[in-house]
Amino acid sequence: MHYQKYRLIVPFLLPAILLYGVFVVWPYAQAIYVSMTSWRGVSPSRPFVGLDNYRRLAEDSRFVEALSRNGQLLIVLPLVTIAISLVFAALFTQGGQAIPGAGFYRIVFFFPQVIPAVIVGILWSYVYTPNIGLLNGVLRNVGLGGLQRSWLTDPATVLWAVVAVAIWSSVGFYMVIFLAAMQSIPSSFYEAAVLDGATRWSSFRDITFPLIWETVRTSIIYLSIAALDFFILIIVVSGGSTTMGAQRAEVAALYLYNQAFDKNRWGYASAIGVVLLLLTLVLSVGIMRLTRRETYEY
Amino acid sequence: MNAPAIRTVEEAPAALVRERPVAGSGVGSATGAGLTQILLAGWAVAVIFPFVWMVVTALKADPEILSSPWRLPAAAQWDNFARAWTQARIGRFFFNTLLVLAGSLAGTLLVSSMAAYVLARFPFPGRNVVFYGFVAGLMFPVFLALVPLYFLVDDLGLLGTYQGLILVYIAYSLPFTIFFLTAFFKTLPNEVGEAAILDGASQYQIFFQIMLPLAKPGLIAMGIFNFLGQWNQFLLPLVLMPDENRYLLSQGLYFLAVQQGYQNDYGALFAAMTITMIPTLVVYVLFQRRLEAGLTAGALKG
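Residues numbered from 1 in each chain as written. Chains lettered and ligands numbered in written order. Predicted model: local features only at pLDDT ≥ 70, side-chain atom pairs only at ≥ 80, totals over all residues. Heavy atoms only, no water.

**Overview of the interface of chain B and chain A**
At step 1: Contacts between the two partners involve 109 residues from chain B and, on the opposite side, 106 residues from chain A.
At step 2: Each partner contributes to the roughly 9800 Å² buried at the junction of chain B and chain A, and carbon and sulfur atoms together form 77% of this total.
At step 3: On the surface where chain B and chain A come into contact, there are zero salt bridges.
At step 4: Taken together, chain B and chain A are joined by twelve residue pairs in polar contact (both at pLDDT 80 or more).
At step 5: Tallied by class, the residues present in the side of chain B that touches chain A amount to 85 nonpolar, 19 polar and five charged. (Contact = heavy atoms within 4.5 Å. Buried area = accessible area lost by both parts, 1.4 Å probe. Salt bridge = Lys/Arg side-chain N within 4 Å of Asp/Glu carboxyl O. Polar contact = N/O pair within 3.5 Å; in protein donor to acceptor, adjacent residues only side chain to side chain. Nonpolar A, V, L, I, M, F, W, Y, C, P; charged D, E, K, R; others polar.)

Structure below.
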């Protein structure tokens, strides 16, 4: 039996471990070595330079600036996305009943999540485009023409224009997650609360929110990791990785991409990757600790 | 895919995502209900409108797109779709994408279900290390591995090949698929397998003839999930498929959009976007409930 068992375990696990080891684990591990070389261009030589790339990164104002944009995203993206999703999830039921149209809204809100990010990005680039764009058109039509601007090149707006797209496309996803979590709360809790004179807001604050906290917390971590990545939308919405708009919204991951695939500075780019990898880890563990609260079993 | 299989799929999520009243206070007044509807309807319009605008624009002639972005087309320009398909080569990219997905989806499901089956049902030393090793992959964004991955795939002689992209797609789909299917295999009853052993079936027969058919709902859920994930994948082909003849859809669409500034064929661009969106729309509408359950499973507690 044991013999037979291992004759199954080994061949069944091997393909997965091999593929994962070669194409996922190994590249991450290699990134650490490459980040300590000054490898660039097409040259096969990879001179070892120790921590030089990291020292240069610390003094690279462009990198620091990019990272500070990630810092702003880290605050805004989770906060706004979760707030809107929570409000919508809470609104979905009224007086103990699912509101009319709940099923329809749910299908629609979730939809942008399943659409290729590239389509979402291109579509919004035409929403923001100055002359034929939808946004400026709407502003003109409602008499707010004075607010029109070139959203994707104006340094004050470009990053936030892209953040709005990210929020627009992910609110439905988080709303559905929160709804699913809310549905596992026994309705007797709410019935008891009503008897005690609870309002809609107080039962949300005192029952719903604490009971779905674990889910909210997971969502904070997801969105924080997304805030550290966040460059596909920037390059697609602004029309290319080296456009003026993309540079004015440059986040660390975009800087990495351009250093690597535009400038061929592989060693330096890998150092950026390793820093981001560490930040991702620190951030996830940090948020887990900071958001730890008493959990309720029910 | 036959009808009964689809029914099984639809039954499971009905239990998972049943519409149960949530916040239960009776305070909601008529104005509150009205306000709620306005808010939700407003967001719904904000979501739908850009897509409708996209499809309508795909049917307009270029001068109309530039001069009257708000009007409906004077006459539907189906030619935009023809140009997108042939001249902009969306047809070619569509075919390339199908080719890669045929291999990567089958591979993802086979490799993951074998690993998940063993991880779920056969205790062995180091099992947890292997399991959490896979799950850890969920945490790291793909772009962090991009530079070394590019050179690795090149060193293996797989850069710009369909096989290379298929293997990479499978590898990056493993963490979530194994995570999901392991939980699924744990829920299957033990008795069936034990009875089969008494009947003299080998472990391989048990897996392929008994367990895999039983796991069909889980496999279908992961099939849909990975179809969308891999169909929408952009970064991996962007870096690993430099050969223009082998571009995948997302990537081809991106370059089409970037070049649009020079060529000014907006109609074809919007038609290309519409063509790319259709398969995801169809899959979403058909399997919406099952997909929600799969996508949100990872984020829910327990």
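Let us keep going from here.
**Here's the deal with the packing of aromatic side chains**
At step 1: On inspection of all chains with the given rule, the structure shows 54 aromatic pairs over all chains.
At step 2: The interplanar angle of 65 degrees and the centroid separation of 5.1 Å between the aromatic rings of Tyr 126 of chain A and Phe 270 of chain B together place this pair among those described as edge-to-face. Of this pair, Tyr 126 of chain A sits in helix H5 (residues 117-128) while Phe 270 of chain B is found in helix H14 (residues 266-297), placing the two residues in two different chains. A single burial state applies to Tyr 126 of chain A and to Phe 270 of chain B, both of which are buried.
At step 3: Seen in terms of ring centroids, Phe 231 of chain A and Tyr 257 of chain A are 5.6 Å apart; in terms of plane orientation they differ by 45 degrees. Their pairing is tilted. Here Tyr 257 of chain A lies in helix H13 (residues 252-262) and Phe 231 of chain A lies in the loop between helix H10 (213-229) and helix H11 (232-237), a separation of 26 residues in the sequence. (Phe/Tyr/Trp six-rings, centres within 6.5 Å; stacked < 30°, edge-to-face > 60°. Helix = DSSP H or I, 4+ residues; strand = E, 2+ residues; numbered from the N terminus. Buried < 20%, exposed > 50% of the residue type's maximum accessible area, 1.4 Å probe, protein only.)

**Describing the pattern of salt bridges**
At step 1: One pass over the structure, following the stated rule, counts ten salt bridges over all chains.
At step 2: Asp 154 of chain A is paired through a salt bridge with Arg 149 of chain A; the nearest N and O atoms lie 3.0 Å apart.
At step 3: For Arg 149 of chain A, a relative accessible area of 34% translates into the label partly exposed.
At step 4: A salt bridge links Arg 246 of chain B to Asp 243 of chain B, with the shortest nitrogen-to-oxygen separation between them at 4.0 Å.
At step 5: Look at Arg 246 of chain B and you get partly exposed, because its relative accessible area is 29%.
At step 6: Here Asp 243 of chain B falls in the partly exposed class, since its relative accessible area comes to 31%.
At step 7: Salt bridges here are not isolated pairs; linked through shared partners, they connect Asp 79, Arg 83 and Asp 265 of chain B.

**A look at H13 of chain A**
Residue and element names in this part refer to chain A.
At step 1: Taken across its eleven residues, H13 has nine buried, putting it largely inside the fold.
At step 2: Buried within H13 we find Ala 252, Ala 253, Leu 254, Tyr 255, Leu 256, Tyr 257, Asn 258, Gln 259 and Ala 260.
At step 3: Phi turns positive one or two residues past the end of H13, at Asn 264, with a value near 60 degrees.

**What about the UniProt feature "transmembrane region" (unreviewed entry) in chain B?**
At step 1: Those places that UniProt annotates as "transmembrane region" (unreviewed entry) correspond, in this numbering, to residues 38-59, 93-117, 129-153, 165-185, 206-228 and 266-287 of chain B.
At step 2: Helix makes up 100% of residues 165-185 of chain B and strand 0%, and the two end C-alpha atoms of the span are 28 Å apart. (UniProt positions renumbered as here; feature names shortened; annotations may be inferred.)

**A closer look at the nonpolar core**
At step 1: Counting 207 residues, the largest nonpolar core has Phe 109 of chain A together with Phe 185 of chain B as its most contacted members.
At step 2: Ranked by residues supplied to this core, first place goes to helix H7 (residues 158-183) of chain A with 19 residues.
At step 3: Residue contributions to this core reach at least three from each of two domains, namely domain 1 (32-77) and domain 2 (92-297) of chain B.
At step 4: When residues no more than four places from it in sequence are discounted, the contact partners of Phe 109 of chain A are Phe 88, Phe 92, Gly 172 and Met 175 of chain A together with Leu 40, Trp 43 and Ala 44 of chain B. (Core = buried A, V, L, I, M, F, W, Y, C linked by side-chain atoms within 4.5 Å. Domains from an automatic or database assignment.)

**Overview of the UniProt feature "transmembrane region" (unreviewed entry) in chain A**
Residues and elements named next belong to chain A.
At step 1: Those places that UniProt annotates as "transmembrane region" (unreviewed entry) correspond, in this numbering, to residues 12-29, 73-92, 104-127, 158-181, 220-246 and 266-288.
At step 2: Here residues 73-92 runs as 95% helix and 0% strand, with 28 Å between its end C-alpha atoms.
At step 3: Structurally, residues 158-181 comprises 100% helix and 0% strand, and the distance from its first C-alpha atom to its last is 35 Å.

**Here's the deal with the environment of Pro 237 of chain B**
At step 1: Here Pro 237 of chain B is to be found in helix H12 (residues 235-240).
At step 2: When neighbours within four sequence positions are excluded, Pro 237 of chain B is seen to be in contact with Leu 165, Tyr 169, Leu 248 and Gln 251 of chain B.

**A look at the domain arrangement of chain B**
Interfaces are often described in size by the accessible area the parts lose on coming together.
All names here are of chain B.
At step 1: Examined at the domain level, chain B breaks down into domain 1 (32-77) and domain 2 (92-297).
At step 2: Listed by partner, the interface residues are ten residues for domain 1 and nine residues for domain 2.
At step 3: Buried surface at the junction of domain 1 and domain 2, both sides included, amounts to about 750 Å², of which 78% is carbon and sulfur.
At step 4: Together, Met 54, Ala 58 and Asp 62 form the three largest contributors to the area buried by domain 1 at its contact with domain 2, with a combined 58%.
At step 5: Between the two partners, domain 1 and domain 2, sit zero salt bridges.
At step 6: The tally of links between domain 1 and domain 2 comes to two residue pairs in polar contact (both at pLDDT 80 or more).
At step 7: Sorting the residues of the side of domain 1 that touches domain 2 by element identifies helix H2 (30-58) and helix H3 (62-67) as the ones contributing at least two each.
At step 8: When residues of the side of domain 1 that touches domain 2 are assigned to their parent elements, the largest contribution, six residues, is made by H2.
At step 9: Its residues assigned to classes, the side of domain 1 that touches domain 2 comprises seven nonpolar, one polar and two charged.

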